[in-house]
Amino acid sequence: AERQETGWKVPEAIEIKDGIVEDRIEKFTAPIVVTAGFLDGLNPCAIASLVFFMSLLAVAKVKGRGLMLMGVSFCLASFVTYTALGFGLLRALHLFSGFPMMRRIVDIGMIAVLGVFALMSFRDAYRYRMTGNPDEVTLQLPRGIKTKIHAIMKEGISAKSLLLGGIIIGTLVTALESVCTGQMYVPTLVVMAKSGMSKAWGYLLLYNLMFI
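The following refers to the structure shown. This is a predicted model, so every value here is computed, not measured.

1. Focus: the overall build of the protein chain
Item 1. If you tally the helices and strands in the protein chain, you get seven helices and zero strands.
Item 2. Counting from the amino terminus, the protein chain carries its helices and strands in the arrangement α-α-α-α-α-α-α.
Item 3. Taking 2.2 N^0.38 as the reference for a compact globule, 212 residues should give roughly 17 Å; the C-alpha atoms of the protein chain span a radius of gyration of 23 Å, well beyond that estimate.
Item 4. With respect to the three principal axes, the spread of C-alpha positions in the protein chain is 90 × 45 × 30 Å.
Item 5. In the protein chain, which comprises 212 residues, the proportion classed as buried is 29%.
Item 6. Roughly 13,900 Å² of accessible area belongs to the protein chain as shown, and the carbon and sulfur atoms make up 68% of that amount.
Item 7. Side chains of the protein chain carry 21 positive and 15 negative charges; the gap between the two charge centres is 13 Å.

Shown next as structure tokens:
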């Protein structure tokens, strides 16, 4: 109807600013990183290991200053180890970003893997609700790795230096648990990689701070 009016003019085209899509994606990245890091810290694999670790400390009667020393050294070693693992994966993803085909393959592959994990998670929840048996859960650390983690904790607590013991436990246990916690970590690293290495490094530190 407006076109039929006298003096009607074609409206000016909307100007699309360069980088507007990237800017909008960037606004979502920080909340995603913070939320994912926090949820990763609540991962059942990590919580189960912490509960076992605390029970060993209680049995060994590690208290006061010694308990604080081992706890801080454990958290610090865990932070450094998890950050180092993430940085290595982030570098690999950054190299892929220079190849559009590889970047596309990574994105599609991640969607497929996360879809499978989602279905397995719902199935595990249903099985556990029906049976109450934790052995029915598929997405958990293999028994061999659990045994290895328990052995490392026992040896670390018996070390002469609580500081050194905490560092050893934090480093090795975090590396072993990454088999399980990586289900949250790797997809978030893919999101970080889209921001470029300079910003991704800051996001990586933020993620691991929330994880700890």
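Past the structure itself, the notes keep going.
2. A look at the side chain of Asp40
Item 1. Within the secondary structure, Asp40 is located in helix H1 (residues 20-41).
Item 2. Buried charged residue Asp40 carries no salt bridge. Nearest counter-charge: Lys146, at 16 Å.
Item 3. With near-sequence residues (within four places) excluded, Asp40 lies in contact with Tyr82, Thr181, Met184, Tyr185, Tyr207 and Phe211.

3. A short note on the environment of Leu204
Item 1. Within the fold, Leu204 resides in helix H7 (residues 197-211).
Item 2. Put simply, Leu204 and Thr188 are 16 residues apart on the chain and 9.3 Å apart in space, counted from C-alpha to C-alpha.
Item 3. Apart from the residues within four sequence positions on either side, Leu204 is in contact with Thr83, Gly86, Phe87, Leu90, Tyr185, Leu189 and Met192.

4. Side note on the pattern of salt bridges
Item 1. The full count for this structure, using the stated rule, is one salt bridge.
Item 2. For Lys194, the salt bridge goes to Asp107, with nearest N and O atoms at 3.3 Å. In this pair, Lys194 is assigned in the loop between helix H6 (162-193) and H7 and Asp107 in helix H4 (residues 100-131), connecting sequence segments 87 residues apart.
Item 3. For Lys194, a relative accessible area of 48% puts it in the partly exposed group.

5. Focus on the side chain of Ser49
Item 1. Of note, Ser49 is situated in helix H2 (residues 44-59).
Item 2. We classify Ser49 as buried; its relative accessible area is 8%.
Item 3. Sequence-distant contacts of Ser49, that is, excluding residues within four places in its chain, are made with Ile149, Met153 and Glu177.

6. Some remarks on H7
Item 1. The terminal C-alpha atoms of H7, which comprises 15 residues, lie 20 Å apart, in line with the 21 Å expected from a rise of 1.5 Å per residue.
Item 2. By the burial criterion, the buried members of H7 are Met197, Ala200, Tyr203, Leu204, Tyr207, Asn208 and Phe211. End-on view of H7: buried residues confined to an arc of 130 degrees, all on one side of the axis. Away from its buried face, by an angle of more than 90 degrees, H7 presents the exposed residues Ser198 and Leu209.

7. Considering the nonpolar core
Most often, soluble globular proteins keep nonpolar side chains buried together rather than apart.
Item 1. Counting residues in each nonpolar core, the largest one holds 18 residues, and the members touching the most others are Leu90, Leu93, Tyr185, Leu189, Met192, Leu204 and Tyr207.
Item 2. In terms of residue count, the dominant contributor to this core is H7 (six residues).
Item 3. Discounting chain neighbours no more than four positions away, the residues touching Leu90 are Leu189, Met192, Ala193, Met197, Ala200, Trp201 and Leu204.
Item 4. Among the nonpolar cores identified, the runner-up in size contains 16 residues, and Cys45, Leu57, Met70 and Phe74 belong to it.

8. Considering the state of the cysteines
Item 1. Evaluated as defined, the whole model comprises one disulfide.
Item 2. The disulfide partner of Cys45 is Cys180, and the gap between their sulfur atoms is 1.9 Å. Handedness here is read from the sign of the S-S torsion; for Cys45 and Cys180, about 60 degrees, the answer is right-handed. You can see Cys45 sitting in helix H2 and its partner Cys180 sitting in helix H6, a full 135 residues away along the chain. For the residue pair Cys45 and Cys180, the accessibility class agrees, reading buried in each case.
Item 3. No disulfide involves Cys75; its sulfur sits 18 Å from the nearest other cysteine sulfur, which is in Cys45.
Item 4. A relative accessible area of 33% means that Cys75 is categorised as partly exposed.

Basis of the calculations
Residues numbered from 1 in each chain as written. Predicted model: local features only at pLDDT ≥ 70, side-chain atom pairs only at ≥ 80, totals over all residues. Heavy atoms only, no water. Helix = DSSP H or I, 4+ residues; strand = E, 2+ residues; numbered from the N terminus. Rg over C-alpha atoms; globule rule 2.2 N^0.38 Å. Buried < 20%, exposed > 50% of the residue type's maximum accessible area, 1.4 Å probe, protein only. Areas by Shrake-Rupley, 256 points an atom, 1.4 Å probe, with all protein chains shown as cover. Lys, Arg positive; Asp, Glu negative; His and termini not counted. Charge placed at Lys NZ, Arg CZ, Asp CG, Glu CD. Salt bridge = Lys/Arg side-chain N within 4 Å of Asp/Glu carboxyl O. Contact = heavy atoms within 4.5 Å. Expected span 1.5 Å × (residues − 1). Arc of directions from axis to C-beta. Core = buried A, V, L, I, M, F, W, Y, C linked by side-chain atoms within 4.5 Å. Disulfide = S-S within 2.5 Å.

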